[in-house]
Amino acid sequence: MLPADSGIAEAASVLRTGGLVAFPTETVYGLGANALDARAAARIFEAKARPSFDPLITHLADAAELEKLVGAVPAAVAALTERFWPGPLTLIVDRPAAIPPIVTSGLPTMAVRVPDNAYARALIAEAGVPVAAPSANRFGQLSPTRAEHVVRGLGAAVDVVLDGGPTRCGIESTIVDARDGRPVVLRLGALPVEALEEAVGPVTVRPGSSGQPVAPGTLAAHYAPRTPLRLASGGEPPAADGVRRGFLAFRDRPAGDWAAVEVLSAAGDLTEAAARLFDALHELDAAGVAEILVEPVPEVGVGRAVNDRLRRAAATWHPAA
Ligand code: TXA
Ligand code: MG
């Protein structure tokens, strides 16, 4: 683990020579490799135990790099990059020849974004290459919002972990396909649908929970802690059956005798709740409880993406729910 303040040069050289670098973005920590190097990209799939059908997101230091990499982009895509980059919005474009097919899992399209994190952008600029990076967790598990989460989850599989502190948004980027002029949200994320609609008018949300790997962050079971997790309301105290249970609350502490409680935002602020979501789940997962109950948050703004993560985490254990 290197402090991001002083570790950029070393981490960039590891990227250039085919190594793996975990780095902070404004959403979650990414597990980066040189996106122009098929062997380096292959190491990402190995380290995460990620199925080869799940394509990676390519990260650029600056919006101006997009045209250099892929040539002209459709007008509706350009409008979104101008409005929201750098930021938690991933866009779908045609895969350029310079990007090896392993990065996109053989898809003719590529997911790309410019992260709004000074360390991430300095790292990518210093490396001088586009950086392929999924979230820096093992496949299907909780996303990392702190450098310690990366070390705990991936350990020696990563060459360098750049520690830039906790991430600002706390959940992954919103993924949008706007190539044909009508934006479709493929994955709900840190950029709220309302913000997109304010900028470009109505968008379609495709939850894609059918298991079809359009965007595998949308597989029904995903983002899961090791501890069984299910959805609950805040009103009921835990059953008095001696089982140790944890509770993830939105704003109010739940009544009753819970073995562990995490409150996402005592102020009832959805942005704060999103930023704390994975951190709180990591805490509850480490609390030695037999089950975690989670309370959905209001279904507006970034709350939709928070609830989406909670439902998928619960689906791992209650596939019928
Ligand atoms: O915030 C984020 O997006 C973080 C940070 C590190 O940038 N990254 C992230 O990556 O969440 P990952 O691998 O956990 O999720 C990437 C998602 C996957 O669900 C993948 O299927 C989808 O992006 N994706 C990648 N390429 C795609 C494509 N060509 N078409 C549709 N979906 C794609
Ligand atoms: Mg992920």
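Residues numbered from 1 in each chain as written. Chains lettered and ligands numbered in written order. Predicted model: local features only at pLDDT ≥ 70, side-chain atom pairs only at ≥ 80, totals over all residues.

The subject of this paragraph is the overall build of the protein chain. From N to C terminus, the protein chain includes 9 helices and 15 strands. Taking 20 Å as the expected radius of gyration for a compact globule of 321 residues, we find that the protein chain reaches 19 Å, a close match to that expectation. Dimensions of the protein chain along its principal axes, counting C-alpha atoms only, are 60 × 45 × 35 Å. Expressed as a percentage of the 321 residues in the protein chain, the buried residues total 51%. Taking all contacts inside the protein chain whose residues are at least 6 apart in sequence as the whole, residues at least 24 apart take part in 65%. (Helix = DSSP H or I, 4+ residues; strand = E, 2+ residues; numbered from the N terminus. Rg over C-alpha atoms; globule rule 2.2 N^0.38 Å. Buried ≥ 20, exposed ≤ 12 C-beta atoms within 10 Å, placed from the backbone. Contact = placed C-beta atoms within 7 Å.)

For alanine 12, the position within the fold is in helix 1 (residues 4–16). Between the alpha carbons of alanine 12 and glutamate 172 there is a distance of 23 Å; along the sequence they are 160 residues apart. Discounting residues that sit within four places of it in the chain, alanine 12 has contacts with Leu123, Glu126 and Ala127.

This brings us to the UniProt feature "binding site: L-threonine" (unreviewed entry) in the protein chain. What UniProt calls "binding site: L-threonine" (unreviewed entry) maps, in this numbering, to Thr27, Arg113, Ala133 and Ser173. Spatially, the listed residues are clustered: although they cover 147 residues, their C-alpha atoms lie within 12.2 Å of one another. Inspection of the secondary structure assignment puts threonine 27 in the loop between strand 2 (21–23) and strand 3 (30–34). Those residues in contact with threonine 27, other than ones at most four positions away along the chain, are Pro88, Thr167, Cys169, Ile171, Glu172, Ser173 and Ala190. Its location among the elements puts arginine 113 in strand 6 (residues 109–113). A tally of 26 C-beta atoms within 10 Å means that arginine 113 is categorised as buried. Excluding anything up to four places from it in sequence, arginine 113 contacts Ile57, His59, Leu89, Thr90, Leu91 and Ser173. (UniProt positions renumbered as here; feature names shortened; annotations may be inferred.)

A few words on the UniProt feature "binding site: ATP" (unreviewed entry) in the protein chain. Here the UniProt-annotated "binding site: ATP" (unreviewed entry) positions come out as Arg50, His59, Thr109, Ser135, Ser143, Arg187 and Tyr223. Over a stretch of 174 residues, the named residues are scattered through the fold, their C-alpha atoms separated by up to 24.2 Å. Structurally, histidine 59 is set in strand 4 (residues 57–59). Ignoring any residue separated from it by four or fewer positions in sequence, one finds histidine 59 in contact with Gly30, Arg113, Pro115, Ala120, Ile124, Pro130, Val131 and Ala133. For threonine 109, the position within the fold is in strand 6.

Turning our eyes to something else, we now look at the packing of helix 8 (residues 270–285) against helix 9 (residues 303–315). The contact between helix 8 and helix 9 brings their axes to 9 Å, and the two run at 30°. Comparing the axis directions of helix 8 and helix 9 gives the class roughly parallel. For helix 8 against helix 9, the interelement crossing comes out left-handed. The residues of helix 9 that touch helix 8, namely those facing Leu270, Ala273, Ala274 and Leu277, are Gly303, Ala305, Val306 and Arg309. Its residues assigned to classes, the contact of helix 8 with helix 9 shows 6 nonpolar, 1 polar and 1 charged. (Axes fitted to C-alpha atoms, helices over the stretch in contact; angles between N-to-C directions. Parallel < 35°, antiparallel > 145°, perpendicular 65-115°, else oblique. Left-handed = near helix turned anticlockwise from the far one by under 90°. Nonpolar A, V, L, I, M, F, W, Y, C, P; charged D, E, K, R; others polar.)

As summarised here, the arrangement of the 4 strands in space is 12-15-13-14, forming an open sheet in which the pairing is parallel. Of all the strands in the sheet, the pair left with one neighbour each is strand 12 (229–231) and strand 14 (260–263). Along the sheet, successive strands turn relative to each other by an average axial angle of 20°, direction set aside. Sheet analysis places strand 13 (residues 245–249) next to strand 15 (residues 291–294), joined by 4 bridges and oriented parallel. The residue bridging arginine 245 from the neighbouring strand is glutamate 291, located in strand 15. Each of strand 12 and strand 15 touches helix 9; the most contacted strand, strand 12, lies at about 125° to it. (Pairing = 2+ DSSP bridges.)

In contact at an axis separation of 8 Å, helix 1 and helix 5 (residues 118–127) are set at 40° when each is read in the N-to-C sense. It follows that helix 1 is oblique to helix 5 by the angle criterion. At the point where helix 1 passes helix 5, the crossing takes the right-handed sense. Contacts from Ala4, Ile8, Ala9, Ala11, Ala12, Leu15 and Arg16 in helix 1 reach Tyr119, Ala122, Leu123, Glu126 and Ala127 in helix 5.

Residue-level pLDDT values for the protein chain average 93, and 93% of them are 70 or greater. A low-confidence stretch, residues 209–213 (pLDDT under 50), is modelled with 6 contacts involving residues beyond four sequence positions or located in other chains. (pLDDT = per-residue confidence, 0-100.)

With that settled, consider the nonpolar core. In terms of nonpolar packing, the biggest core is built from 100 residues, with Ala11, Ala22, Leu123, Leu162 and Ala274 touching the most fellow members. Residue contributions to this core peak at 9 residues, all from helix 8. Each of domain 1 (2–218) and domain 2 (229–315) accounts for three or more of the residues forming this core. (Core = buried A, V, L, I, M, F, W, Y, C linked by C-beta atoms within 7 Å. Domains from an automatic or database assignment.)

What follows covers the sheet that holds strand 2. The 11 strands are arranged 1-8-2-3-7-4-6-5-9-10-11 in an open sheet whose pairing can be described as mixed. Only two strands of the sheet have a single partner each, and these edge strands are strand 1 (2–3) and strand 11 (204–205). Taken together, the 3 bridges between strand 5 (residues 89–94) and strand 9 (residues 174–177) define a ladder with parallel strand orientation. Among the inter-strand pairings, threonine 90 is bridged to a residue of strand 9, identified as isoleucine 175. Where helix 6 (residues 147–154) meets the sheet, it contacts strand 2, strand 3 and strand 8 (160–163), and its direction lies at approximately 160° from that of strand 8.

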